[in-house]
Amino acid sequence: MPHLKDAEGGYALGVPSLRSALLDWYQHHSRDLPWRHTRDPYAIWVSEIMLQQTQVATVLPYYHRWLDHLPTIQALAGAELDTVLKLWQGLGYYARARYLHCAAQQIMSEHQGQFPQNYAAVAALPGIGRSTAGAILSAAFDQAHPILDGNVKRVLSRLFALSIPPKQAETQLWVWSAQLLCPQQPRNFNQAIMDLGATICTPRQPLCHACPWQNHCRAHRYGLTQDIPRKMTSAPLPHKQIGVAVIWNNAGQILIDRRPPTGLLGGLWEFPGGKIEPRETVQECIRREIREELGIEVRVGEHLIDIDHAYSHFKVTLQVYYCHYESGTPQPLGCDAIRWVAPADLDQFPFPKANTLIIAAIRERGAPN
DNA sequence: AAGGCGTGGCG
DNA sequence: TCGCCAAGCCT
């Protein structure tokens, strides 16, 4: 298959020359990344999961710390979920950590503790989709499976001057990625095309003068690199007001709860609270939420801090108040678990980012009067 | 099959 | 301050 057609079917690109140009470029311009120094499928798997929707610089410290604490599939499978989430704290998209944990246990029971080497078995593991399966199998075992991450989508969209958003052309992009993939050097080719997207074919101000595919690239030829890939228009994010309670008891402890095991921030600990309803004061909201979620009565005291935070699909303002426990026995009505914790022990639990700011504010303010 | 799902860096 | 974007997957 010597040539590829672009989206309109009107042009042809020479596959052998594209492959060799990219592989030659990669020989001198590859990034030195820690997961490229190993063939251990576990380490490569961990890196690929961490790298989903997350940049290399963010992943690096998490990657090293993770492998220090959980160096093998067996270690991960035997760890507590709290330990796993604590190692993941701050990386976001926490389902990734839950899937890693679950998949490790699955590998222990179904694959004798050995990471599977065939595509169907790998893609069947939770958290591993088509692209991550291809990335792991090509990186660890040099198997010829295509990948399609954000880098590859952007590179191919420009190479072929794709006129619609990549989201609407997934099938076409997969075909291009598979047809371009070099069957003799799948590991190097997949790593190379990702490096090309990360260092040359960047989202803004691509460095076309240094690109091995400059003379093949339709977007560059037509002066469209700034306009491709085309982006979907998105609605503005809703903004919610949340009342949050830092509830103290007479022993100087604070009440925290663990969120339900799935969904937003699933399995993480937090300070209890909830959405402020229309025509409701923050204080009323907090008393109501604490009654509904924990079954206890509290007195709302001094204001601690307001925290603005943006999630992937909405924004929040957390209005945080010190509260005092008054009556009732705390029960996990709207959550997974609850605990009274000394302020010094809060660090032991996995909290989402916005809640770590609350912990810092508690440390500054100290206990209420 | 769209929408849910975090966080940090950038212009 | 704000919106956009980054090595996607699951339901």
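Remember, it's a predicted structure, so these values are computed and weren't measured experimentally. Note on numbering: residues in each chain are counted from 1, in written sequence order. A letter from A marks each chain and a number from 1 marks each ligand, given out in the order of writing. Given that the model is predicted, a residue must reach a pLDDT of at least 70 before its local features are reported, and side-chain atom pairs must reach 80 or more before they are shown or counted; all residues, however, enter totals for whole chains, interfaces and linings. Excluded from the side-chain calculations are hydrogens and water; all other atoms, namely the structure's heavy atoms, are used.

## Things to note about the environment of C217
For step 1, the next point in the chain: Here C217 lies in the loop between α11 (186-200) and α12 (218-221).
For step 2, the next point in the chain: Distance from C217 to F160, taken between C-alpha atoms, is 6.7 Å for residues 57 residues apart in sequence.
For step 3, the next point in the chain: Any pair of residues with heavy atoms lying within 4.5 Å of one another is described as a contacting pair. With near-sequence residues (within four places) excluded, C217 lies in contact with R158 and L159. Strands are runs of DSSP state E lasting at least two residues, helices are runs of H or I lasting at least four, and both sets are numbered from the N terminus onward.

## Considerations on the protein's contact with DNA strand B
For step 1, the next point in the chain: We call a residue near a molecule or strand as soon as one heavy atom of that residue lies within 4 Å of the molecule or strand. Residues in contact with DNA strand B amount to 18 residues; listed here are only the nearest, Y94, L265, H309, H313 and K353.
For step 2, the next point in the chain: Among atoms of DNA strand B positioned within 4 Å of the protein, sugar and phosphate together represent 60%.
For step 3, the next point in the chain: Contacts to DNA strand B include Y93, whose backbone N or O atom sits 2.9 Å from a sugar or linking oxygen.
For step 4, the next point in the chain: Pairing of N or O atoms within 3.5 Å defines a polar contact, subject to two protein rules: one partner must be a possible hydrogen donor and the other a possible acceptor, and residues neighboring in sequence count only if both atoms are side-chain atoms. Contact between DNA strand B and K353: a phosphate oxygen at 2.8 Å from a main-chain N or O atom of the residue.
For step 5, the next point in the chain: Here the surface near DNA strand B is built from residues that sort into eight nonpolar, nine polar and one charged. Under the scheme applied, nonpolar residues are Ala, Val, Leu, Ile, Met, Phe, Trp, Tyr, Cys and Pro; charged residues are Asp, Glu, Lys and Arg; polar residues are all the others, including Gly.

## A closer look at α11
One turn of an α-helix holds 3.6 residues; hence residues three or four places apart share an orientation.
For step 1, the next point in the chain: With 15 residues, α11 extends 20 Å from end C-alpha to end C-alpha; this agrees with the ideal 21 Å at 1.5 Å per step.
For step 2, the next point in the chain: Burial classification: accessible surface area is computed with a 1.4 Å probe over protein chains only, and a residue below 20% of its type maximum counts as buried, one above 50% as exposed, and the rest as partly exposed. With twelve of its 15 residues buried, α11 lies for the most part within the structure.
For step 3, the next point in the chain: All of the buried residues along α11 are P186, R187, F189, N190, Q191, A192, I193, M194, D195, L196, G197 and I200.
For step 4, the next point in the chain: Buried positions along α11 lie against α1 (15-29), α8 (130-141), α9 (150-159) and α10 (170-180). The span expected for a helix works out to 1.5 Å for each residue beyond the first.

## Considering the packing of helix α3 (residues 56-69) against helix α5 (residues 81-88)
For step 1, the next point in the chain: Here, axes are lines fitted to C-alpha atoms. For helices the fit covers the stretch in contact, and angles between N-to-C directions go from 0 to 180 degrees. Contact geometry of α3 with α5 gives a least axis separation of 9 Å together with a crossing angle of 155°. Between α3 and α5, the crossing angle belongs to the class labelled roughly antiparallel. In this structure, α3 contributes Y62, R65, W66 and H69 to the contact, and α5 contributes V84, K86, L87 and W88.
For step 2, the next point in the chain: Looking at the contact of α3 with α5 residue by residue, the class counts come to five nonpolar, one polar and two charged. The scheme is simple: roughly parallel for angles under 35 degrees, roughly antiparallel for over 145, roughly perpendicular for 65 to 115, oblique for anything else.

## Focus: the domain arrangement of chain A
For step 1, the next point in the chain: Annotation comment: domain bounds sourced from an automatic or database domain assignment. In terms of domains, chain A is made up of domain 1 (3-221) and domain 2 (239-365).
For step 2, the next point in the chain: Relative to domain 2, the C-alpha centre of domain 1 lies at a distance of 38 Å.
For step 3, the next point in the chain: Note on terms: buried area is the combined drop in 1.4 Å-probe accessible area of two parts once they are placed together, counting the loss on both. Both faces combined, the contact of domain 1 with domain 2 buries some 840 Å², and carbon together with sulfur accounts for 52% of it.
For step 4, the next point in the chain: By the criterion of area lost to domain 2, the three top residues of domain 1 are D82, Y94 and R98, representing 52% of everything that side buries.
For step 5, the next point in the chain: Taken together, the links from domain 1 to domain 2 amount to six residue pairs in polar contact (both at pLDDT 80 or more).
For step 6, the next point in the chain: A per-element tally of the side of domain 1 that touches domain 2 places α5 first, with three residues.
For step 7, the next point in the chain: For the side of domain 1 that touches domain 2, a count of residues per class yields three nonpolar, one polar and three charged.

## Looking at the UniProt feature "binding site: 8-oxo-dGTP" (unreviewed entry) in chain A
For step 1, the next point in the chain: The positions UniProt marks with the feature "binding site: 8-oxo-dGTP" (unreviewed entry) are R259, E270, F271, P272, G273 and N355. Across 97 residues in sequence, these annotated residues keep their C-alpha atoms within 12.6 Å of one another, forming a single compact spot.
For step 2, the next point in the chain: With respect to the helices, strands and loops of the structure, F271 is situated in the loop between β5 (269-270) and β6 (273-275).
For step 3, the next point in the chain: Among the residues examined, F271 registers a relative accessible area of 3% and is labelled buried. UniProt positions are given in the numbering used here, feature names are shortened, and annotations may be inferred rather than shown by experiment.

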